[in-house]
Amino acid sequence: MATADRATTAPTPDAPTERADAGPALLEVRDLRVEFFTRRGVVKAVRDISITIERGQVMGLVGESGSGKSVTAQAIMGLTELPGRVTGGDVRWKGISLLRGPKADEEMRRVRGNEIAMVFQDPMTSLNPLFTIGNQMREVTRRHLGYSKRQATERAVELLDLVGLSNPRERLDQHPNEFSGGMRQRVLIAMALSCEPELLIADEPTTALDVTIQAQILELLAKLKDEFGLSVLLITHDLGVVAGMCDRVSVMYGGRIAEVGGADDVFADPAHPYSRGLLRSTPRLDERQARLVSIEGAPPDLVNPPVGCPYAPRCLSAGDRCREELPELLPISERRTVACWHPFAAG
Amino acid sequence: MVVAASIVVFLLTRLFTDPVDFVVPLEATEEERAAREAELGFDRPIIVQFGDYIAGLARGDFGESLWQPGRSTIDIIGQTLPKTLLLVAAGMTLAIALALPIGMIAAIRPGGLLDRLLVTLSLAGLSMPQFFVGLMLIIIFAVRLDWLPVGGYGDPSQLVLPAVALALPALGRLTMVVRSAMIDELNSQYVKAARAKGMARRTVIAKHALRNAGVQVLTMSGWEVTRALAGFTVVVEKVFAWPGFGLFALEAIQRRDLFLLSTIVLVASILVVVVNVVVDILYKWVDPRITLS
């Protein structure tokens, strides 16, 4: 497997100027492989994927359920749960490995929740129901920044105010059940921002919310991103969200990355047949579209993934080579890398 | 509940036994018998006897023991109940204090070697009845090793074996409850979210998950305490000759001391109610969402 070479030689296509300073990327996921050891067999949930996020960048990670998006996020946070295990690759934070080497564990403990923070899909269950919001918020700054209880309280008030909750001081003594879903997600975002992280991983942060609340939360995320120069890894299956917020987008399919490029470019002109199918199955407001086109077939069985391109069985333009040989993620233009033997021409 | 329990016991004992047989000497004549019966009031209709009993209770008169004439039954309870409470407190403290850490350790890696070992031990513990555990403890620690006394009451060393006998089956059951509750909680989303905040695994287990598991554990602990108070102590006290009110309940039954038995049942049911009230109050303390009505 020539994966190691590819990851280092593949250019980060749309950020040549940022790369010029030659410092390590903020987050670099290299050939990450995560497998779940189940009774049914080894589920190869994530297969040698690489993602690079630069400072201040918002990267969208899209794909359908089971494509490996959340597993990737959890692996980055070092929270892969049994029976899952990271079986290959590396996660580097500012050039330092969070997975391998003698100092990796210590580094991960220092970074997690501090420099890298995470917001989850379901705000209703992500807060501990038995502790007050204040208690759960103070925990973070007390652990990472060594704040006293009073300092931590002040910080929590500041943060709740920042995410737009009224009466923040009174809110601290309330329990999660006194908050609505949207308010809880605000609390969770506030909590994630406690230590002024440099990267926020948002795993489908709006999926469980009402549409109007979704818009508010996305607006909040966009505001925070601009205000703090936050980098964001935004995991979603909602392409509209990606189009609105992301600089770049990685499309995942069957545990592999199908396509990476500037968000606008990929939307305007998807190069991978899967990206194209995904777009055509998404309703749009700005275009007349007779009807939505669904992608025929089912996602691949990740216990016995196809030898060739994982998308080949559903792909309309698949040939023999697609079924026999796994396509590498390679640049097809300056701003686009695609893992496909027959990519659509992209600018 | 207390009222229901006292009515049932009153009716059952009055309807199906004749206590006079036990109080009068074997060679007593019919007349002597009748006289004694009249003296104790057993010749009156049941309903009158019951009214009399309730009226007595209202005055704070629990009746006089038949077995130990001249002693008020409540006096006997006053003497024996503290000993039972001591035994139950020791046994249940032991069971709960050990079940929490053992259950938590087992839950950290469900299906792991340690987990399977602890589950096997718990199953062994909960499968053994108290009398068997008690006898085994006596054989091993009192007879063979001669470390501890066989039974009796007075010296703290005499508390050890009965408390352990009372604790072991409860420990097995509670460990399983703690384990399964913790496994549920450790798989929950808020645990994952707390880990993502950077909380240490230990903090997450001991703070976040444990408190959430607490409600279930509390329910089962309360149940264990009531079962111990109103049941298992009878067996354990008999095995270890521990002079608590369980042992006296047995005596009362054997000697047809209806007044003593009624009072014991009455006190036991009050205790069960008290334990349940305490558990309800603790619920509120563990889970602020619960409102006491």
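Above this note sits the structure.
In this text the structure is predicted, and so the values were computed from the model without any measurement.

**With respect to the nonpolar core**
Residue and element names in this part refer to chain B.
Phase 1 of the analysis: One finds L87, V88, M92, L166, M182, F245 and I264 to be the most contacted residues of the largest nonpolar core, which totals 63 residues.
Phase 2 of the analysis: Counting only elements with at least two residues in this core, the list comes to α5 (73-108), α7 (130-144), α8 (157-186), α9 (189-196), α10 (201-239), α11 (245-254) and α12 (258-286).
Phase 3 of the analysis: Ranked by the residues each element gives to this core, the list is headed by α8, at 15 residues.
Phase 4 of the analysis: Non-local contacts of L87, meaning those with residues more than four positions away in its chain, are made with L159, P162, A163, L166, V236, E237 and W242.

**A closer look at unusual backbone geometry**
Residues and elements named next belong to chain A.
Phase 1 of the analysis: Unlike most non-glycine residues, N167 shows phi in positive territory, near 45 degrees.
Phase 2 of the analysis: Topologically, N167 is positioned in the loop between α7 (149-162) and α8 (168-171).
Phase 3 of the analysis: Phi at E196 is positive, roughly 50 degrees, even though this residue is not glycine.
Phase 4 of the analysis: Positionally, E196 belongs in the loop between α9 (181-192) and β7 (199-203).
Phase 5 of the analysis: Under the relative-accessibility criterion, E196 is labelled exposed at 55%.

**Some remarks on empty space enclosed by the protein**
To find the voids left in a structure, one rolls a probe of water-molecule size over its atoms.
Phase 1 of the analysis: By the definition in use, this model includes five cavities of 30 Å³ or more.
Phase 2 of the analysis: In this structure, the largest cavity spans a volume of roughly 140 Å³.
Phase 3 of the analysis: Contributing elements (two or more residues each) for the lining of the largest cavity: β6 (116-119), α6 (133-145) and α9 of chain A together with α9 of chain B.
Phase 4 of the analysis: The biggest single contributor to the lining of the largest cavity is α9(B), with four residues.
Phase 5 of the analysis: A breakdown of the residues in the lining of the largest cavity according to their chemical character gives 12 nonpolar, five polar and two charged.
Phase 6 of the analysis: Here the second largest cavity is characterised by a volume of approximately 60 Å³.
Phase 7 of the analysis: Lining the second largest cavity we find Y253(A), R256(A), I257(A), A258(A), H272(A), C309(A), P310(A), Y311(A), P327(A) and A339(A).

**Details of the interface of chain A and chain B**
Phase 1 of the analysis: Each partner contributes residues to the interface: chain A has 26 residues there, and chain B has 19 residues.
Phase 2 of the analysis: Buried area between chain A and chain B, both sides added, is near 2200 Å², and the carbon and sulfur share of it is 59%.
Phase 3 of the analysis: Among the residues of chain A in contact with chain B, L130(A), F131(A) and E139(A) are the three that bury the most area, contributing 29% of the side total.
Phase 4 of the analysis: Linking chain A to chain B there are two salt bridges.
Phase 5 of the analysis: The interface formed by chain A and chain B contains 12 residue pairs in polar contact (both at pLDDT 80 or more).

Calculation criteria
- Residues numbered from 1 in each chain as written.
- Chains lettered and ligands numbered in written order.
- Predicted model: local features only at pLDDT ≥ 70, side-chain atom pairs only at ≥ 80, totals over all residues.
- Heavy atoms only, no water.
- Core = buried A, V, L, I, M, F, W, Y, C linked by side-chain atoms within 4.5 Å.
- Buried < 20%, exposed > 50% of the residue type's maximum accessible area, 1.4 Å probe, protein only.
- Helix = DSSP H or I, 4+ residues; strand = E, 2+ residues; numbered from the N terminus.
- Contact = heavy atoms within 4.5 Å.
- 1 Å grid on protein atoms, 1.4 Å probe; cavity = no way out; pocket = protein on both sides within 12 Å on 5 of 7 lines; lining within 4 Å.
- Points joined across faces, edges and corners; volume = space filled by probe spheres on them.
- Nonpolar A, V, L, I, M, F, W, Y, C, P; charged D, E, K, R; others polar.
- Buried area = accessible area lost by both parts, 1.4 Å probe.
- Salt bridge = Lys/Arg side-chain N within 4 Å of Asp/Glu carboxyl O.
- Polar contact = N/O pair within 3.5 Å; in protein donor to acceptor, adjacent residues only side chain to side chain.

Just distances and angles here, no functional claims.
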